Structure formats: structure tokens, C-alpha cells
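# Fold and contact review
For reference, the chains in residue letters:
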Amino acid sequence: MNIGTPISPKLDRSAAQKALETLRAWAASADVSELEALDPVIARALTEGDAYPTYKREYPANFEIEADYKASLPDLQNGPSSLIKGSKQQIQHVGISNFRLPVQFETCTGGQLTLETSVTGTVSLEADKKGINMSRIMRSFYKHAEQVFSFKVIEAALDDYITDLDSFDARIQMRFSFPMKITSLRSGLDGYQYYDVALELVEQDGVRQQIIHLDYVYSSTCPCSLELSEHARATRNQLATPHSQRSVARISVLVKEGADCLWFEDLIEACRRAVPTETQVMVKREDEQAFAELNAANPIFVEDAARLFCEQLLADERVSDFRIVASHQESLHSHDAVSVLTEGPTFAQASFDPKLFNTLFHVG
């Protein structure tokens, strides 16, 4: 038996028109779910005549916005409360994060540095408001971006976007890497150490707080390991080395209201006084030997580090509340040793971000 190719019916304009009429007749009695399941191309064919518009596909480079047209643009974020999805609940913080721009900062010696800065800006949102216009935070910040930044300038930016967004609480955080030249221990070479710094201005219930965060990276030599190594040498003439590791302390301080300027350099120097075994930048052989001697002279457990930093902060009249989070990233163990010390209510909390200690790794 021969199997031939099926003969397709002849398709012409008349057949297409009849098929379209059949499709439209079916659509007239079909339910919504059936119509939504159609291919969009077919769905467009269901519209009679020229009702379906033919859109322009070229970008209108010469189109100019007029006031009436601009006023007609929809703005869902500032729409009525009926548009709110989910619970009509107050949101404590809503805004933008990692908005980057170059910002000028003043140093304690009177110089200026332009640093790439990541800005986070948030405001509170009342329960009956749909949302905020996030670009207003950026525009408010840009009004002050050309000034040399200080907490006073940040306060002016905060004032602007509290007003612009009709909010009652707000926060600005600025993160950057602050360079500071340090001299090697014995060779006299200079190099730049970079410190992760964040400035935070918070307004809550009409009260403003100025907060500085600093990550200080240092070497910690285990006192127990040092004594055991010395015991092996003294009793068995056995060479042994104590373990030490790169360690990080995140220092967060609330600046006392009305206090003199707390410079970044001041906070860094306080950390160096507390724990002098800061990681080095420029190192020759004599510097490496000196660093080994410096570590042996300052062995510390993670508890010691927290208390040594605390001692320096308590002695500074410009510092109010503070928090110290220290992480010694062990070379002996496969886990880290950590400690948290707080002073005052600002940083006291029952729960931590589950990844808090993971963020203290500095890989150079």
C-alpha cells in the first residue's frame, strides 16, 4: 500500500477571513481564562477593525516634555492607600542602598580626600502610605555632594529628604575606604593602610545620633600557644612556634552630643594604642622580625582584645555608647574565636545578624 502525502486545503484570503470569523464567534462565548491562555498574536486578531493600535517602534529622541503631559504621568508609589499590597503596617526603613558617588572628606591635618562612597538612605513609611519616591533621596543628597562632608552636611541632606518625603524617621549611612599612611616598624618605609569606615546619621522619634563604624585589622598571637611553645623549648629543646592569625575588630561608636570632632585618625590611633599589632603594609626582613617581636610582646585572646579596645573608648570624652565586635580567625582551629562588648543602650541587642561575624573577613 502506498502512503501518499496528505493534500492540504488551498489557503487563500477568503479561507483566512472565515477562520477569523470562526475564532471571533468562539471568543464571544469563551470565558476569561480561555482568552488569557491564547497566544498574544491570536488575541490581537480578535479585535474588530482598527481598534488595536499600531505602536511606533522608533525611540522619539526629539520628544519634549510639556507641563500638562508631565502632570498626567501615573505615580503608583504615591497613590492612595487602596493600592497597598499586604498588611497596612508601618515600615521602619525603606529607601536606597549602595548609591555611589565621589565625596570629599576633610582630614585631621586640614587636607581633603575625595573618596568613592557608598550611600544608603532610608526613611520610615507610615502604614497608610503606599510608598516613597526613591529618586528624591538621591536628589536630596546631590544638593550637598559638592561640599566637604561632615556630620553637619549629612544632617542638611537628611533634613531635605525628610521634608521631601514627608517622613518622621530617617537614616543616612556612608561607607568608604579611608587611606592613612603608616611607617614600617624598622626599615622606615611608608605605605598606605586602608580602613573600612562608615558614617551613620540616624533620626528616630525626633532624636538624632551620630555613629562612626571602623574596621581595624590586626594580628593576634595566642597567649596559651606562646607559653606552650616556650615550654617545649625550655624543657625539651624543641623548636615550636605559637599560632597567630589575622584578626578584625569592628568598632562602632556613638559620638557624644556637642563633643569636639572625633576624627577617623583619632579612632584609628585609639585602636593602635589598644592593640599595637596592626597588620603591616611595607615590610623588609628587619620589619618582619620586629613584627614577630611585637606579637610576642602583646599576646591576646579575643576577650583581651575586646577589653583593651573598651579601655581606650572609655577614656575618650567624645565617645558615648559603643560596641566592639572582635573576630580572631584562627590558624589552629577550623573555626573563629569571637567576642562582643557593648557599652550603653544604643548597641545592646538580643539578636545579631546571622552573618555578622562573616562580614569581618578582610582578604586584602
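Bear in mind the structure is a predicted one, so any value in this text is a computation, not a measurement.

Moving on to a nonpolar patch on the surface. A cluster of nonpolar side chains, F63, I65, Y69 and L73, forms an exposed patch at the surface whose accessible area comes to about 410 Å². Tracing the backbone shows L73 in the loop between α4 (67–72) and β1 (91–106). Taking relative accessible area as the criterion, L73 reaches 44% and is therefore assigned partly exposed.

Spatial strand order, β3-β1-β2-β4-β5-β6-β7-β8-β9: nine strands in an open sheet with mixed pairing. In this open sheet, the two strands that pair with only one neighbour each are β3 (148–149) and β9 (337–343). The sheet contacts of helix α6 (residues 151–164) involve β2 (112–125), β3, β4 (170–183), β5 (190–204) and β6 (207–221), and relative to β4 the element is tilted by about 160°.

This part is about the packing of helix α8 (residues 264–274) against helix α10 (residues 302–314). Across the interface, α8 lies against α10 with an axial gap of 8 Å and an inter-helix angle of 135°. When the axis of α8 is compared with that of α10, the two are oblique. As α8 packs across α10, the resulting crossing turns out to be right-handed. For the pair formed by α8 and α10, the contact residues are L267, A270, C271, R273 and A274 on the first element and L308, F309, Q312 and L313 on the second. Looking at side-chain class alone, the contact of α8 with α10 contains seven nonpolar, one polar and one charged residues.

Reported here for the largest pocket is a volume of approximately 760 Å³. Along the wall of the largest pocket there are 33 residues; nearest its centre are R171, Q173, E200, H213 and R323. The set of elements that each furnish at least two residues to the lining of the largest pocket consists of β1, β2, β4, β5 and β6. The element contributing the most residues to the lining of the largest pocket is β5, with seven residues.

As enumerated under the stated definition, the model contains 14 salt bridges in all. Between R208 and D159 there is a salt bridge, with its nearest N and O atoms 2.3 Å apart. On the criterion of sequence distance, the pair formed by R208 in strand β6 and D159 in helix α6 is long-range, its members being 49 residues apart. Accessibility expressed as a relative area gives 26% for R208, which makes it partly exposed. A salt bridge links D215 to R250, with the shortest nitrogen-to-oxygen separation between them at 2.7 Å. Placement of D215 in strand β6 and of R250 in strand β7 (residues 244–255) is noted, with a sequence separation of 35 residues between them. Across the pair, exposure class does not vary: D215 and R250 are buried alike.

Time to look at empty space enclosed by the protein. Counting across every chain of the model gives one cavity of 30 Å³ or more. Empty space within the largest cavity amounts to approximately 40 Å³. Lining the largest cavity are I251, L267, A270, C271, A274, F309, Q312 and L313. Per-element tally for the lining of the largest cavity: the top contributor is α8, with four residues.

Mapped onto the elements of the fold, F151 is located in helix α6. We classify F151 as buried; its relative accessible area is 15%. Sequence separation between F151 and I211 is 60 residues, and the spatial gap between their C-alpha atoms is 9.5 Å. If sequence neighbours within four positions are ignored, F151 has contacts with L199, E200, Q210, I211 and I212.

Before going further, it helps to examine the environment of C224. For C224, the location among the structural elements is in helix α7 (residues 223–236). C224 gets classed as partly exposed once you look at its relative accessible area, which sits at 42%. Sequence separation between C224 and E293 is 69 residues, and the spatial gap between their C-alpha atoms is 16 Å.

A word on the pairing of β2. Extensive coverage of β2 is indicated by the burial of ten of its 14 residues. Hairpin connection between β1 and β2: a loop of five residues separates the two successive antiparallel strands, and G110 in this loop has a positive phi of roughly 95°. Across six bridges, the pairing between β2 and β4 is antiparallel. In the sheet register, V119 faces β4, and the bridge partner there is M174.

Before going further, it helps to examine the pairing of β6. Among the 15 residues that make up β6, eleven are buried, leaving the element largely enclosed by the rest of the structure. As judged from the eight bridges shared by β5 and β6, these two strands associate in the antiparallel manner. Counted as the bridge partner of Q204 is V207 from β6. Here β5 folds back onto β6, and the loop between the two strands holds two residues, one of which, D205, carries a positive phi near 55°. With eleven bridges joining them, β6 and β7 adopt antiparallel strand pairing. Residue pairing in the sheet places D215 in a bridge with R250 of β7.

Before going further, it helps to spend a moment on unusual backbone geometry. For N98, which is not glycine, the phi dihedral falls at a positive 60°. Assessed through its relative accessible area of 43%, N98 is described here as partly exposed. Despite not being glycine, D205 shows a phi value in the positive range, around 55°. Structurally, D205 is set in the loop between β5 and β6.

Definitions and cut-offs
- Along each chain, numbering runs from 1 in the same order as the chain's sequence is written.
- Residues qualify for local features only when their pLDDT is at least 70, as the model is predicted, and side-chain atom pairs are given and counted only at 80 or more; totals for whole chains, interfaces and linings, by contrast, use all residues.
- To get the side-chain values, take all heavy atoms of the structure and skip hydrogens and water.
- To count toward a patch, a residue needs a relative accessible area over 30% and no salt bridge; like charges are then connected within 9 Å, while nonpolar side chains (Val, Leu, Ile, Met, Phe, Trp, Tyr) are connected within 5 Å.
- Surface exposure here means Shrake-Rupley accessible area, sampled with a 1.4 Å probe, where a residue is shielded only by the protein chains that are shown.
- Note on definitions: salt bridges are taken to be side-chain nitrogens of Lys or Arg within 4 Å of carboxyl oxygens of Asp or Glu.
- Counting from the N terminus, the helices are the DSSP runs of H or I reaching at least four residues and the strands are the DSSP runs of E reaching at least two.
- To sort residues, take the accessible area from a 1.4 Å probe on protein chains only and compare it with the maximum for the residue type: under 20% means buried, over 50% means exposed, and anything in between is partly exposed.
- Two strands form a pair only when DSSP identifies at least two bridges running between them.
- Only heavy atoms matter for contacts: two residues are in contact if any of them lie within 4.5 Å across the pair.
- Axis definition: a line fitted to C-alpha atoms, limited for helices to the stretch in contact. Angles are taken between N-to-C directions and run from 0 to 180 degrees.
- An angle below 35 degrees is read as roughly parallel, one above 145 as roughly antiparallel, one from 65 to 115 as roughly perpendicular, and any other as oblique.
- Helix crossings get a hand from a simple test, with the near helix turned counterclockwise from the far one by less than a right angle marking a left-handed crossing and a clockwise turn marking a right-handed one.
- Following the grouping adopted for this structure description, the nonpolar residues are Ala, Val, Leu, Ile, Met, Phe, Trp, Tyr, Cys and Pro, the charged ones are Asp, Glu, Lys and Arg, and the polar ones are all others, Gly among them.
- Grid points spaced at 1 Å over the protein atoms alone were grouped into cavities, where a 1.4 Å probe fits but cannot get out, and pockets, open sets with protein on both sides within 12 Å along at least five of seven lines, with lining residues defined by an atom within 4 Å of a point.
- Grid points are joined across faces, edges and corners, and a volume is the space filled by probe spheres set on the points.

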